[in-house]
Amino acid sequence: MEDLIKALNSDDEVERIYAAQDIAESKNPELTEFLLKRLSAEESQAVKDAIIFALGNLSCFENYPMIFRLFRSPDAYLRNAAIGIFASEGKKAVEFLSSHLNHSDREVRKLILDALFATGDPDAARAIRQSLHDSSLNVRITAAEYLGRMADEESADELLAILQKETEPMLITAVLESLSVTENQEIIRKLFSFFAPECDFSRTDTLYMPQLIYLWAKTGDSELLFKMIDALKPFEIYEEDIVHALEQAEERFTGICKEAHISELIKKIMEHTENKEIYALCKKLETRKQETL
């Protein structure tokens, strides 16, 4: 072990690389401390990469505080390295990271979320949910985004509550994106009731219409679609969103495109669009309609 430590701190770059590789093969967790110390002082990128690889192959549990300190490093490489090391620890790192979500530095809190998500552990979602109430807008946005990518339906009620009280567009957009993974009709209906009480879309911020149109595709409610379209002046601005939503709705609710009003809508878009891809997709929907008749 002493020979490996000595080689890791050699003046010879190649020797340091080989030492890091040998330590990785040793699987000896006692050597992680020496790798981390060398990492902070190392200038060679090749050696840094070898050290990170080694740390990813060793148990670092006893040295989590040392890894965590890398989150405060001015070097982005080292901050990202810390995320990668925690990620390789998986479930073991979740409890430690979760216990630091109250850190005073919002950038560190954001990096904790990055690391929690990177672990890929389902329990990380429970911790990430806590950050939906963080004092930092960026941390709240990050939490919402990660919960969506984890398809965490248990966070739906908290996300819906955010839509009721928040006014920050970036956060609302992130929440909508997160909720867009759900197939739960009750959640989708609640969401629409927030943006358009009594299905009145006339006062709905057009910024969110593309995402609402996307979510409509999961309802298959043609009456709802036309209430949305009636509020869009001119609706052609959203033709791409509408046509893609119709395609998804047809996949879920076979035959929806043969409904008279939707069929007319498709024809109207075909008559006015200058977008060849949209026209081709409309033709495809027309073909599907004929197949279901």
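Presented here is an overview of the structure given in this document.

1. A look at the environment of aspartate 114
By secondary structure assignment, the location of aspartate 114 is in helix α8 (residues 106-119). On the basis of relative accessible area, aspartate 114 is assigned to the buried category, the value being 10%. For aspartate 114 and glycine 84, which are 30 residues apart along the polypeptide, the C-alpha to C-alpha distance reads 9.4 Å. If near-sequence neighbours (up to four positions away) are discounted, aspartate 114 is found in contact with Ile83, Thr142 and Tyr146. Reaching out from aspartate 114, the side chain makes a polar contact with the side chain of tyrosine 146 at a distance of 2.6 Å.

2. Some remarks on the packing of aromatic side chains
In this description, a pair of aromatic rings is defined by centroid distance and the angle of the planes. As enumerated under the stated definition, the model contains 10 aromatic pairs in all. Ring centres 5.4 Å apart and planes at 75° place the aromatic pair phenylalanine 68 and phenylalanine 71 in the edge-to-face group. Accessibility expressed as a relative area gives 9% for phenylalanine 68, which makes it buried. By relative accessible area, which is 3% here, phenylalanine 71 ends up buried. Measuring from ring centre to ring centre gives 5.8 Å for phenylalanine 68 and phenylalanine 96, while their planes differ by 85°; the resulting arrangement is edge-to-face. Residue phenylalanine 68 is found in helix α5 (residues 64-69), and its partner phenylalanine 96 is found in helix α7 (residues 91-98); the two are separated by 28 residues along the sequence. Feature note: the residues Phe61, Tyr64, Phe68, Phe71, Phe86 and Phe96 constitute an aromatic cluster, connected by ring pairs.

3. Side note on the packing of helix α15 (residues 222-231) against helix α17 (residues 260-272)
Between α15 and α17, the shortest axis-to-axis distance is 10 Å and the interhelical angle comes to 40°. Between α15 and α17, the interaxial angle falls into the category oblique. In the crossing of α15 with α17, the sense of the turn from one axis to the other is left-handed. Along the contact surface, α15 presents Ser222, Leu225, Phe226 and Ile229, while α17 presents His261, Ile262 and Leu265. Taken together, the residues of the contact of α15 with α17 break down into 5 nonpolar, 2 polar and no charged.

Scoring rules and cut-offs
- Throughout, a residue's number is its position along its own chain's written sequence, starting from 1.
- It should be noted that, the model being predicted, local features are given only for residues of pLDDT at least 70 and side-chain atom pairs only at 80 or more, the latter also being counted only at that level, while totals for whole chains, interfaces and linings use all residues.
- Only heavy atoms go into the side-chain values, all of them from the structure, while hydrogens and water stay out.
- Put simply, DSSP marks the helices as runs of H or I at least four residues long and the strands as runs of E at least two long, and each gets a number from the N terminus on.
- Relative accessibility under 20% of the residue-type maximum defines a buried residue, over 50% an exposed one, and the middle range a partly exposed one, all with a 1.4 Å probe and only protein chains included.
- When checking whether two residues touch, look at their non-hydrogen atoms; a contact exists if any pair is within 4.5 Å.
- Under the rule applied, a polar contact is a pair of N or O atoms within 3.5 Å (in protein, one hydrogen donor and one hydrogen acceptor; residues adjacent in sequence only if both atoms are side-chain atoms).
- The pairing test for Phe, Tyr and Trp rings, Trp by its six-membered ring, is centres within 6.5 Å, and the orientation test on the planes gives stacked under 30 degrees, edge-to-face over 60, and tilted for anything in between.
- Angular values range over 0 to 180 degrees, each being the angle between N-to-C directions of two axes fitted as lines to C-alpha atoms, with helices fitted over their stretch in contact.
- Relative orientations are named as follows: roughly parallel for angles under 35 degrees, roughly antiparallel for angles over 145 degrees, roughly perpendicular for angles from 65 to 115 degrees, and oblique for any other angle.
- By definition, turning the near helix anticlockwise from the far helix through less than a right angle yields a left-handed crossing, and turning it clockwise yields a right-handed one.
- Polar here means any residue other than Ala, Val, Leu, Ile, Met, Phe, Trp, Tyr, Cys and Pro, which are nonpolar, and Asp, Glu, Lys and Arg, which are charged; Gly is therefore polar.

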